[in-house]
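In case you want the letters, here they are:
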2 protein chains.
Amino acid sequence: MDEISRTGAQPFVIGFFEHMNPNGITGDTWRQPANTGSDYLDLEYWMRLAKRLDEANADFLFFADSYGNPAVDGVMPDDSIRLANHIPVADPFAVIPAIFAVTEHLPVVVTSSTIFEEPYANARRYATLDHISKGRIGWNVVTSAAAKSAADLFGRELVAHDDRYDRADDYLEVSYRLFEGSWEHDAVVKDRATATYADPAQVHAIDYTGPYFRSKGVFSVEPSPQRMPFVFQAGSSGRGRRFAATHAECVFLQATSPEKDAEAVADIRRLATEQGRDGDAIRIIVGITVIIGVTEQDARQKYDEFCSFHSEEIAAAQFSHYSGINLLELDPDLPIPPGNDELSRSNVQRFDGYTVREVLNELKTRGVRGIIAVGTAAEVADHMEDYAAATGVDGFLMETYTNPGTYDEILDLLLPELRTRGRAPLPYTTKTLRERFQGAGHPFLDDSHPGAQHRVGPK
Amino acid sequence: MDEISRTGAQPFVIGFFEHMNPNGITGDTWRQPANTGSDYLDLEYWMRLAKRLDEANADFLFFADSYGNPAVDGVMPDDSIRLANHIPVADPFAVIPAIFAVTEHLPVVVTSSTIFEEPYANARRYATLDHISKGRIGWNVVTSAAAKSAADLFGRELVAHDDRYDRADDYLEVSYRLFEGSWEHDAVVKDRATATYADPAQVHAIDYTGPYFRSKGVFSVEPSPQRMPFVFQAGSSGRGRRFAATHAECVFLQATSPEKDAEAVADIRRLATEQGRDGDAIRIIVGITVIIGVTEQDARQKYDEFCSFHSEEIAAAQFSHYSGINLLELDPDLPIPPGNDELSRSNVQRFDGYTVREVLNELKTRGVRGIIAVGTAAEVADHMEDYAAATGVDGFLMETYTNPGTYDEILDLLLPELRTRGRAPLPYTTKTLRERFQGAGHPFLDDSHPGAQHRVGPK
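Here the structure is a predicted model, which means the values were calculated and not measured.

Cut-offs and rules
- Residues numbered from 1 in each chain as written.
- Chains lettered and ligands numbered in written order.
- Predicted model: local features only at pLDDT ≥ 70, side-chain atom pairs only at ≥ 80, totals over all residues.
- Heavy atoms only, no water.
- pLDDT = per-residue confidence, 0-100.
- Contact = heavy atoms within 4.5 Å.
- Axes fitted to C-alpha atoms, helices over the stretch in contact; angles between N-to-C directions.
- Helix = DSSP H or I, 4+ residues; strand = E, 2+ residues; numbered from the N terminus.
- Parallel < 35°, antiparallel > 145°, perpendicular 65-115°, else oblique.
- Salt bridge = Lys/Arg side-chain N within 4 Å of Asp/Glu carboxyl O.
- Buried < 20%, exposed > 50% of the residue type's maximum accessible area, 1.4 Å probe, protein only.
- UniProt positions renumbered as here; feature names shortened; annotations may be inferred.
- Phe/Tyr/Trp six-rings, centres within 6.5 Å; stacked < 30°, edge-to-face > 60°.
- Polar contact = N/O pair within 3.5 Å; in protein donor to acceptor, adjacent residues only side chain to side chain.
- Buried area = accessible area lost by both parts, 1.4 Å probe.
- Nonpolar A, V, L, I, M, F, W, Y, C, P; charged D, E, K, R; others polar.

## What about the confidence of the model for chain A?
Residue and element names in this part refer to chain A. Averaged over every residue, the pLDDT of chain A is 90; the share at 70 or more is 95%. Here residues 1-6 is modelled with pLDDT under 50, and outside its nearest four sequence neighbours on either side it reaches five contacts, counting other chains as well. Taken over the whole predicted complex, pTM reads 0.95, whereas the ipTM for its chain interfaces reads 0.94.

Shown next as structure tokens:
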């Protein structure tokens, strides 16, 4: 307690990154002997994990998601299928309600794409999840990576990068009107005596026509605890940062270096403030992989073992999936070329000055993970505190390797260590995800958020 | 037991019709004193109900669904909002995984539209639900009623009725290829020793180009227990019947009269047989509302009470929603006009020869329900047996009024009565929904089904 008051340390935001596939984020870790990741299609697998995170006061469980398969020049490598590299991938929405059924407090953030989902159907889905979870849902808004394979599966043309953000702006504009602008918050009265389920005077048809989307009518879902779900976004590029600064309540930053991340954090906060938002209120987190041992040597050994589950072909396929560049066709001694478009460039920029061989080596050993911290719980906690101090990030998205392995390390070793430093998530005292970030009594979009202006009814 | 062997009676197919709104199918029953329907946004509400149905060996829980709000000449009546007439409506997919989490056997059939959902996203969602339920999901394929309000909410133009079925045919063609034509059934081996999650030689890219939809690539979900989910369809019109005869494994018929239903049953079976399918293997069910009392008088009294929860305005709004015709503007003594399009005509045809006033009265008292059977359990069971004998239907979709009220009547009074007649659903002996209909060991589309020809791998 002394230490907490002495340092004035704030608890870190701690979320857990998951993906509905056998491998989590990278590497064919499903075949690691003690890993249960290949049970990802079993409801019990997710319910068990969620209960552990609920008990640990985790800030949220985060489901990444995307359509499309990793391909190099349009062809999926046999190794991707053999090693389950981003294929198979299933639908996280098919497990989330079961997670809410067995947890009391744990929020869930789930990804949905402004390219591939219909705004009205998407809003109805999140609003219902917000109801059944009593306000525990978050929406990770993605504008969808330039994966031609996803467009092909949907029978669509690729959308250009900047167009994608314009489209996403419009998508959120129509979403704000559905979530905030149709029902006044107290419209539902459920009064049997007067035969009034809802007061018609407090229910309004929206009528929106934007450059990409239109919607006209009454939103079909009655007002949910948070209304607009809590907004996550991962925008690293210039246009992506502007988008995040406009709409996001929590930004997931792809970790590069402390210097670059510090610049990105400051830039996003400045951009938000310029728009009249409270930039400091935006939570910014980075991805981190932790490998914890009783000794540093023990941790190193584990890490080497995990690294043995990567291959050059998989690394190249993943890189190609995100950048459109086939590293295996390039001279290994030359510097990597710039990306073909803005997204590709933003994925490539962290390798400025690397040769092709160095990129392959780096990706082979760490995949697309953010920070990798290997050591004892105290060493890893030091690393996290140093990184936060150097960059201004509020917390971390834990990118795990194995289940239960990495979860045991984090929940049983790292969180107790962080707790002694006042850095572990505190016991839940609020009901909704947004209140977890904004404080009790503030379940709705902050008044300075652009979505709030579409709210109808008494302020 | 004697009686069963004497009559050779088959158990009826018994499903339960639900809707994610406070009222179930019709009438503002939420305000009926003992009804808990307005708890429909509480996960516990659905889990409790599902456990009861699981214990009762119900063949399935069925979620109706649609986008769009009941409107008369484009305007939603205040009464619709006040009385919760088809508004609010939430997303059933947000509760189904929790239902699967707490039941062992109960299948769930859920509606998805070939107009409003993307084929690829839809396939991924159902395939994942089939996995996490171990084969208990069914897809009620709807081509979406001509509700302009839904098109407006989605910012779309209305699709003409026959176009809708052509589009739905194409939607199923691309779906068959995704579910059946990408992964061979034994492709996933999860062999740690050889580092093989799946055998690339057994995973294939599809390449489909139809008149409305295209898709190219590998389906992202590994093979689920049923592959193509069990197919439900409600097609009453001429084109709808052809569609059902081509694709459906279970047809939900809108009950009209025994004569007309008998004709429809025979016609659907004949159409299916003409296409090389086993017409008799298609299960055909009708909607039924049962009001059961200890005495007939007791039941009548309950029924009158339920009828008091209907109003003419609500009846007119619902009729307009399904037919596009505003009855309140017409001379009550004239016969109702024919519908404006085929769907509208098919919804109107059961009222051939009625005046506008008669239609309003009928709708006011019974809404859009199918058969209404009021009486003791024995009388209702008689009615069901007579109806099945007269029409050839295989069973019933129970359209309830209240929860727990109607459920108590059905589960505690009607099913025991049906059991003595060999007509109640038998204890579950199979795992998947399709096996419940086709028999153990037959979880996949029948070979004569058009979707089966797209199956890849050894036959």
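Still to come is the rest of the account.
## Description of the packing of helix α7 (residues 161-180) of chain A against helix α8 (residues 238-247) of chain A
Residue and element names in this part refer to chain A. Where α7 contacts α8, the two axes come as close as 10 Å, and the packing angle between them is 10 degrees. As judged from the angle between their axes, α7 and α8 are roughly parallel. Of the residues in α8, those in contact with D162, Y165, D166, A168, D169, L172 and Y176 of α7 are R239, G240, F243 and H247.

## Comments concerning the pattern of salt bridges
Taken as a whole and assessed by the stated rule, the structure comprises 58 salt bridges over all chains. Note that B:R124 is salt-bridged to A:D91, the shortest N-O span being 3.9 Å. You can see B:R124 sitting in helix α5 (residues 119-132) and its partner A:D91 sitting in the loop between α3 (78-83) and α4 (96-102), one on each of two chains. Across the pair, exposure class does not vary: B:R124 and A:D91 are buried alike. Ionic contacts of the salt-bridge type, sharing partners, join the residues A:D65, A:D91, B:E117, B:R124 and B:R125 into one network.

## A look at the UniProt feature "binding site: FMN" (unreviewed entry) in chain A
All names here are of chain A. The UniProt record marks D65, T111, H161, Y165, S236 and S237 with the feature "binding site: FMN" (unreviewed entry), using the residue numbering of this structure. Inspection of the secondary structure puts H161 in helix α7. For H161, a relative accessible area of 7% translates into the label buried. Inspection of the secondary structure puts Y165 in helix α7. You can call Y165 buried: its relative accessible area is 3%.

## Focus on the packing of aromatic side chains
Residue and element names in this part refer to chain A. Within this structure, the stated rule accounts for 56 aromatic pairs over all chains. Consider the rings of Y67 and F116, whose centres lie 5.6 Å apart with planes at 80 degrees: the pair is edge-to-face. Taken together, the residues Y67 in the loop between β2 (60-64) and α3 and F116 in the loop between β3 (108-113) and α5 (119-132) connect sequence positions 49 residues apart. Judged on exposure class, the residue Y67 and its partner F116 are both buried. Judged by centre distance (5.3 Å) and plane angle (85 degrees), the ring pair of Y171 and F213 falls under edge-to-face. Of this pair, Y171 sits in helix α7 while F213 sits in the loop between β7 (206-209) and β8 (214-217), and the two are 42 residues apart along the sequence. Given a relative accessible area of 0%, Y171 falls into the buried group.

## Observations concerning the side chain of B:T29
Residue and element names in this part refer to chain B. Mapped onto the elements of the fold, T29 is located in the loop between β1 (13-19) and α2 (43-55). The class for T29 is buried, based on a relative accessible area of 0%. Here Y401 takes part through its backbone oxygen, which lies 3.3 Å from a polar atom of the side chain of T29.

## Considering the interface of chain B and chain A
Every contact between the two is made by 75 residues of chain B and, on the other side, 75 residues of chain A. Across the chain B to chain A interface the summed buried area is about 6300 Å²; carbon plus sulfur atoms make up 59%. The interface formed by chain B and chain A includes 33 residue pairs in polar contact (both at pLDDT 80 or more). Breaking the side of chain B that touches chain A down by element, the ones donating at least two residues are α2, α3 (78-82), α4 (96-102), α5, α6 (148-153), β5 (188-191), β6 (196-198) and β8 (214-217) of chain B. Counting residues per element, the side of chain B that touches chain A draws most heavily on α5(B), which supplies eight residues. In the side of chain B that touches chain A, the residues fall into 41 nonpolar, 13 polar and 21 charged.

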